[in-house]
Amino acid sequence: MTDTQSTSHGLENLLHETRAFPPAPEFAALANAQASLYETAAADRPAFWADQARELVTWRTPFTETLDWSDAPVARWFADGTLNAAYNAVDRHVEAGLGDRVALHFEGEGGDTRTVTYADLQREVSRAANAISALGVGKGDRVVIYLPMLVESVVAMLACARLGAPHSVVFGGFSADALRSRIADAEASLVITADGGFRRGAPSALKPAVDEALQGQGTDTVKHVLVVRRTGQDVGWTEGRDVWWHDAVDAADTFHEPEWVDAEHPLFILYTSGTTGKPKGILHTTGGYLTQTSFTHKNVFDLKAETDVYWCTADIGWVTGHSYVVYGPLLNGATQVIYEGTPDTPHRGRWWELVEKYKVSILYTAPTAIRTCMKWGDDIPGGFDLSSLRVLGSVGEPINPEAWMWYRRVIGGDRTPIVDTWWQTETGAIMISPLPGVTATKPGSAQVALPGIAADVVDDEAHPVPDGGGGYLVLSEPWPSMLRGIWGDLERFKDTYWSRFPGIYFAGDGAKKDDDGDIWLLGRVDDVMNVSGHRLSTTEIESALVSHEMVAEAAVVGAADETTGQAVVAFVILRGGHAAKAETPEGSAEVSELLRAHVAKEIGPIAKPRRVLVVPELPKTRSGKIMRRLLRDVAENRTVGDATTLADSSVMDLISAGLQTGG
Ligand code: 6R9
């Protein structure tokens, strides 16, 4: 069985899905995107993007070169132009007389609010840029940002961009060690954090993880830690290193001249899980990234900046927060909501309460959240006025038709178009998605490559599959917001994305074309799991398990899960002296609990296995590769598939027998 076939159980349902929702004529008449965009773009792809770059981005020095692909796979877009990302996101709107427009409606978990106009944002970002610069950070220096969802998080990212200092945001849910390895890899000189954030009604500390990380190896490049006070909880303090945000930023000057950088100057590094344990620092640069994030934000969500209220529920720790909370919306002068907390604090209607309160018209969220709300029942959103909504978006994993239909009916009042947007940290911006007002949408499918994007589904030999066929998703032409590499590791960049099919980008996703040629995504074909829209590497979790003294060996798989898309299931072999501990069902449960907590501590709660099963052996091929698909069969309670390539074919019987008796 090949990798692509292993995703075929997801195919069965999708093949029966034939519903389609053509755009409402009233919506189509006013839509930003028109069908002609596809033809214009296809006629001359680079010229199309150059037009977008001129229209949507303000250049300090206009570019004359569009695309340089001579050093493929490292692209250069608009390379002789200069610009500044923060100027584009903030200042130019103020200069255009829009300073009073609300940029951010911040809502804290506890109900505290803050309204930030574009003029406010200009002052805050300038102050922060001055303060960060006074801490010795200059153009090209890396800054790690480890913050909850706060106004300061957006300000911090933009302040770095203003200085030409690439930011690397690390999700606040990650552990001290995950933080440490990212700081070390990026050789950061500054870390921006907070005392903590509010999570499920209680303060949750962040600063201790920074303190711990900075005691670890490879972090002595860090000269300062800038600390936002959010919760007011006690924090450890290192004199000379730690600086309060309110001391440094509030005192700083509100004027700051942006650092004008080349279009190919690094804007940010964002770490994402790979198939090996070491996270990849995905590198994005300035001009092309800003062009494609603003283009997609305007056309995929049909943004009307004067009237819409936009809300993307993603955290800034993920690429969606970079492209569709910070850069895309702010470049387009949007008014948006940002929310600190969880959807069920203090009650399960919190999101819908916010939609009603701010009259949100465009909502962008993830299938895992949609499935959770679906599980909670229609009555909860039913209690709020959601009539302001006019476009709904989905991102992060395949959305099953059931959840899509629920989203449209219960949240969208059977009226709103849904855009299922496929893209990756690596692609920087949306690549495959319907265009509202143009595309007749199909529940469960991202459907079509956007204008200016070349996507296809190919077989093992890189031949495009015919309509109705399945294979691997690839991107066959360079695009403006594509990654420019993996930080410090050009070889790994080439190897990971460009070696499977020479000359074309391998996304790592299985996909299928339906009879109309529309694309349906089927999930990852490598060993990267997708839990609630977050990518986790099996190897990373296995390493964490094996780091525990009780564990000899571990294998981790993603098992289908109704709510989170995939759930982490771990199989472990205990070390000799500990094996006896798991012999009774109680003992086994205890070991399992211990190891789950261990993973949460090592990597972060998001990686905590749903189940840890103690087994006597692991299924391995003769070359020693663990056959995860067999374990996936066990984890998903299926009959175990073909085990003939196992070094020892009786292993699966041993595992099954052990699980029946051991609980
Ligand atoms: C933006 C983001 C990327 C992986 C990607 C794919 C999955 C994202 C999807 C989708 C089906 C969609 N994915 N959007 N699968 N339909 N609309 O999520 O980036 O965290 O890098 O994950 O997520 O498997 O390869 P990232």
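Computed from a predicted structure; not experimentally measured.

What counts and how
- Residues numbered from 1 in each chain as written.
- Predicted model: local features only at pLDDT ≥ 70, side-chain atom pairs only at ≥ 80, totals over all residues.
- Heavy atoms only, no water.
- Buried < 20%, exposed > 50% of the residue type's maximum accessible area, 1.4 Å probe, protein only.
- Helix = DSSP H or I, 4+ residues; strand = E, 2+ residues; numbered from the N terminus.
- Pairing = 2+ DSSP bridges.
- Right-handed = clockwise from strand over helix to strand, strands pointing away.
- Core = buried A, V, L, I, M, F, W, Y, C linked by side-chain atoms within 4.5 Å.
- Contact = heavy atoms within 4.5 Å.
- UniProt positions renumbered as here; feature names shortened; annotations may be inferred.
- Expected span 1.5 Å × (residues − 1).
- Disulfide = S-S within 2.5 Å.
- Domains from an automatic or database assignment.
- Axes fitted to C-alpha atoms, helices over the stretch in contact; angles between N-to-C directions.
- Near = heavy atom within 4 Å.
- Polar contact = N/O pair within 3.5 Å; in protein donor to acceptor, adjacent residues only side chain to side chain.
- Areas by Shrake-Rupley, 256 points an atom, 1.4 Å probe, with all protein chains shown as cover.

Bringing the pairing of strand β17 (residues 335-339) into the picture now. Of all 5 residues in β17, 5 are buried; the element is thus mostly enclosed. Neither face of β17 is exposed, since T335, V337 and Y339 on one face and Q336 and I338 on the opposite face are all buried. For strand β4 (residues 102-107) and β17, the ladder comprises 4 bridges, and the chain directions are parallel. When the sheet's bridge partners are listed, F106 is paired in β17 with I338. In this sheet, β17 lies alongside strand β16 (residues 309-312) in parallel orientation, the contact comprising 3 bridges. Paired with W311 across the bridge in β17 is V337. For the segment spanning β16, helix α13 (residues 319-331) and β17, crossover handedness is right-handed.

Residues L121, L158, I192 and Y327 are the most contacted members of the largest nonpolar core, which totals 141 residues. No other element matches the 10 residues that helix α8 (residues 151-163) contributes to this core. Judged by nonpolar contacts, the second largest core, of 28 residues, contains L363, I399, W406 and I418.

The next thing to look at is the side chain of H598. By secondary structure assignment, the location of H598 is in helix α20 (residues 585-602). Of the residues examined, H598 reaches a relative accessible area of 13% and is grouped as buried. Here H598 is in contact with A544, L545, S547 and H548, once residues within four sequence places are set aside.

UniProt records the feature "binding site: Mg(2+)" (unreviewed entry) at V546, H548 and V551, using the numbering of this structure. Along the polypeptide, V546 turns up in helix α19 (residues 538-546). Given the relative accessible area of 33%, V546 is considered partly exposed. Non-local contacts of V546, meaning those with residues more than four positions away in its chain, are made with V551, A552, E553, A554 and R575.

For helix α5 (residues 45-56), built from 12 residues, the straight-helix expectation of 16 Å at 1.5 Å per residue is met to within 8% by its first-to-last C-alpha distance of 17 Å. Every buried residue belonging to α5 is among F48, W49, A50, Q52, A53 and L56, and all of these are buried. Lining the buried residues of α5 we find α4 (36-43), β2 (76-77), α6 (85-98), α12 (287-300) and α13.

Attention now moves to the state of the cysteines. As used here, a disulfide is simply a covalent bond connecting the sulfur atoms of two cysteines. Per the stated rule, a full pass over the model turns up 0 disulfides. C373 forms no disulfide, and the closest cysteine sulfur to it belongs to C312, at a distance of 15 Å.

Another aspect to go through is the domain arrangement of the protein chain. The assigned domain composition of the protein chain is domain 1 (9-83 + 431-524) and domain 2 (532-660). Between the C-alpha centres of domain 1 and domain 2 there is a distance of 36 Å.

The next thing to look at is the sheet that holds strand β24 (residues 505-513). With antiparallel pairing, 4 strands are arranged side by side in an open sheet as β21-β22-β24-β25. Taken across any chain shown, the strands that pair with only one partner, and hence form the sheet edges, are β21 (455-458) and β25 (519-524). In this sheet, neighbouring strand axes are inclined to one another by 45° on average, regardless of whether the strands run parallel or antiparallel. Pairing geometry for β24 and β25, over 5 bridges, is antiparallel. Bridge assignment links K512 to a residue of β25, and that residue is W520.

Close to the ligand lie 17 residues, the nearest being D420, T421, T425, R524 and R535. Between the ligand and Q424, the relevant distance is 2.9 Å, taken from an oxygen atom to a side-chain nitrogen or oxygen of the residue. In the environment of the ligand, an oxygen atom lies 2.5 Å from a nitrogen or oxygen atom belonging to the side chain of T425. Notes on the ligand: free accessible area 540 Å², of which the protein chains cover 97%.

On the secondary structure map, S361 appears in the loop between α14 (350-358) and β18 (362-365). S361 sits in the buried class, given a relative accessible area of 6%. Not counting chain neighbours up to four residues away, the residues in contact with S361 comprise D308, V309, S388, L389, R390 and V391.

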